[in-house]
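The chain contents come next:
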Amino acid sequence: MLQQAAEGLTVGLDPDAAAQRDQLWTLTLARLELPSTRLFLIQHARLLRIEPPKVLMAVAPTWLAMVESRRALIEKAFTDVLGQPVVLDLVAQSSEVVR
């Protein structure tokens, strides 16, 4: 069910899609094994789009390397939630946009 809900979720005007995307982001954050990674992503990253098998995430430019170093953990969390392997794509966005 989550996999079907995740298909094509994007940032946009559709409040239902945004709510589903936010729910999937929350579930994914909860699956992260390290609390420090979870808190870091809450502060410095934002889920933009899920189009299995790709997940697009915005990150403040100064933190791209840090998120890249945790790529495997983040992809595993998304895989656990969605029930299928994912590929994480990162895009740099200003800190104001990410929050």
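Parameters at a glance
Residues numbered from 1 in each chain as written. Predicted model: local features only at pLDDT ≥ 70, side-chain atom pairs only at ≥ 80, totals over all residues. Heavy atoms only, no water. Salt bridge = Lys/Arg side-chain N within 4 Å of Asp/Glu carboxyl O. Buried < 20%, exposed > 50% of the residue type's maximum accessible area, 1.4 Å probe, protein only. Helix = DSSP H or I, 4+ residues; strand = E, 2+ residues; numbered from the N terminus. Expected span 1.5 Å × (residues − 1). Arc of directions from axis to C-beta. Axes fitted to C-alpha atoms, helices over the stretch in contact; angles between N-to-C directions. Parallel < 35°, antiparallel > 145°, perpendicular 65-115°, else oblique. Contact = heavy atoms within 4.5 Å. Nonpolar A, V, L, I, M, F, W, Y, C, P; charged D, E, K, R; others polar. Pairing = 2+ DSSP bridges. pLDDT = per-residue confidence, 0-100.

1. Some words on the pattern of salt bridges
For side chains bearing opposite charge, pairing can occur when the charged atoms are close.
Item 1. A complete count under the given rule lists 6 salt bridges for this structure.
Item 2. The shortest N-O distance in the salt bridge between aspartate 22 and arginine 21 comes to 3.3 Å.
Item 3. Judged by its relative accessible area of 40%, aspartate 22 is partly exposed.
Item 4. Among the ionic pairs, lysine 76 bridges to aspartate 80, the shortest N-O distance being 3.0 Å. Of this pair, lysine 76 and aspartate 80 both sit in helix 5 (residues 71–82), separated by 4 residues, roughly a single helical turn.
Item 5. When salt bridges with common partners are traced through the structure, they connect Glu68, Arg71 and Glu75 into a single cluster.

2. Structural notes on helix 5
Item 1. The end-to-end C-alpha distance of helix 5 is 16 Å, a good match for the 16 Å that 12 residues give at a rise of 1.5 Å each.
Item 2. Turning to helix 5, its buried residues are Ile74, Glu75, Ala77, Phe78, Val81 and Leu82. Down the axis of helix 5, the smallest arc covering the buried residues is 155°, so these residues share one side.

3. Describing the packing of helix 2 (residues 15–31) against helix 3 (residues 35–44)
How two helices sit against one another is set out by the angle between their axes and by the gap between those axes.
Item 1. Look at helix 2 against helix 3: their axes get within 8 Å of each other, and the N-to-C directions meet at 150°. Classified by the angle their axes make, helix 2 and helix 3 are roughly antiparallel. From helix 2, Trp25, Leu29 and Ala30 reach across to helix 3, where they touch Arg38, Leu41 and Ile42.
Item 2. Residue composition of the contact of helix 2 with helix 3, grouped by class: 5 nonpolar, no polar and 1 charged.

4. Overview of the pairing of strand 2 (residues 45–51)
Here is the key point about a regular strand: its side chains alternate between the two faces of the sheet.
Item 1. Bridge analysis of strand 2 against strand 3 (residues 54–59) gives 6 bridges, and the strand direction is antiparallel. Within strand 3, the position partnered with arginine 49 by the bridge is leucine 56.

5. A few points about the confidence of the model for the chain
Item 1. Here the chain shows a mean pLDDT of 85. Residues at 70 or above account for 81%.
Item 2. Note on residues 1–13: pLDDT is under 50 here. Beyond four places in sequence and across chains, it has 31 contacts.

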